[in-house]
Each structure stands twice: as structure tokens, then as C-alpha cells.
Amino acid sequence: MLEVWQGVALVAAALLTGVMAGLYFAFSIAVMPGLAVCDDRTFTQAMQSVNRKILNGWFGLAFAGAPLVILVAGVLHLGGETTRVSFWTLAAFLLYALTLGITFRVNVPLNNDLEAATPDEAPAARRAFERRWVRWNHARTLLGIASLGCLAWALVVHGEG
């Protein structure tokens, strides 16, 4: 029965991590390039709206649930023949934790600064926001994909057990 729960936890961790990596990826390849061609007021208003709408239960489930389920999967694999899986879940957790660090230290403060901007402040707010936010979102994307890759490999190792 433990092996079933180990597999369920790994699949759930991979799914939630994949959702977050995909969200960061979508912003990197579509959302931000699409907004880059907008005028300053449109860009600022659109990002303000996105930043308000993203704070919902579905986002919270994936964003906060991923690291929790990764930890559960790692703990369930401690000891015995499945310890190798714990190595990959630890790597996945550390990579995901880096995405959290970037989010809380860079992206959220930038979002908050942009939220405070009035329409007349849009050009300056955008200049202070866009390049730095995009650069760090690319980093989150790569780290999220790497975390997902570790979980995918953990699933392979789990299957070999």
C-alpha cells in the first residue's frame, strides 16, 4: 500500500509543479511578449489586472501545494530501496524553493510597486518593472522546468523499484 501512496504523491507533485512551470513559461513566451507591444498605460493596467486575478484558490493550490506535495513524496520514499527517489525529490524541492525565493524577493515586490502606480505614472512604473520582472520570470521558468524534470526522473526511479 505504501508504494501506491508513494506513486500518488510523486504524480501529484509532478502535476502541481508542472502547472507552475507552465504558468511561468506562458508568461515568458506569450503574455509578456504580447504586452511588450502595448503602450505604457495598457501594459500597466493589464499587469495590474493580471496580478489581482491570479490571487485565487486555484493558483494558491498549485503554488503552495507543489512544495508541500514534493516534501510528502520525498518523506514517503525515505529508507530502504526507495531512498534514491528521495534524492530526486529533494533536488526538485530545492529548485522549486528557488522559484519561491525569486517570487517573494523580486516578482511580488515589483507587482506591488506596479499596483500602486496611477495611470499618469504608467511610463515610469513600466520602466521600473518590465525588464527586471521578465528576466526573473525567465529564471523561475527554467528552475520550475528543472524541478519538474527531477520529479519526472523520480517517477522513473520509483517505477524501477
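Source: prediction; values computed, not measured.

1. Here's the deal with the nonpolar core
Okay, step 1: In this structure, Met32, Met47 and Phe129 are the most contacted members of the largest nonpolar core, which totals 36 residues.
Okay, step 2: At the level of secondary structure, the elements contributing two or more residues to this core comprise helix 1 (2–36), helix 2 (40–53), helix 3 (57–76), helix 4 (83–115) and helix 5 (122–160).
Okay, step 3: Considering each element in turn, this core owes the most residues, ten residues, to helix 1.
Okay, step 4: Those residues in contact with Met47, other than ones at most four positions away along the chain, are Met32, Leu35, Leu114, Phe129 and Trp133.

2. Some thoughts on the side chain of His158
Okay, step 1: Mapping His158 onto the fold places it in helix 5.
Okay, step 2: Owing to a relative accessible area of 14%, His158 belongs among the buried residues under this scheme.
Okay, step 3: Discounting chain neighbours no more than four positions away, the residues touching His158 are Glu3, Gln6, Gly7, Leu10, His77 and Val85.

3. Examining helix 1
For the α-helix, the turn length of 3.6 residues means that residues three or four positions removed from each other point alike.
Okay, step 1: Across its 35 residues, helix 1 extends 49 Å between first and last C-alpha, which sits within 8% of the 51 Å expected from 1.5 Å per residue.
Okay, step 2: The largest bend in helix 1 comes to about 45°, at Phe27.

4. What to know about the environment of Ala92
Okay, step 1: Along the chain, Ala92 falls in helix 4.
Okay, step 2: Spatially, the C-alpha atom of Ala92 lies 6.8 Å from that of Leu148, the residues being 56 residues apart in sequence.
Okay, step 3: Those residues in contact with Ala92 that sit more than four places away from it in its chain are Ile70, Ser147, Cys150 and Leu151.

About the thresholds
Residues numbered from 1 in each chain as written. Predicted model: local features only at pLDDT ≥ 70, side-chain atom pairs only at ≥ 80, totals over all residues. Heavy atoms only, no water. Core = buried A, V, L, I, M, F, W, Y, C linked by side-chain atoms within 4.5 Å. Buried < 20%, exposed > 50% of the residue type's maximum accessible area, 1.4 Å probe, protein only. Helix = DSSP H or I, 4+ residues; strand = E, 2+ residues; numbered from the N terminus. Contact = heavy atoms within 4.5 Å. Expected span 1.5 Å × (residues − 1). Bend = angle between axes of the 7 residues up to and from the residue.

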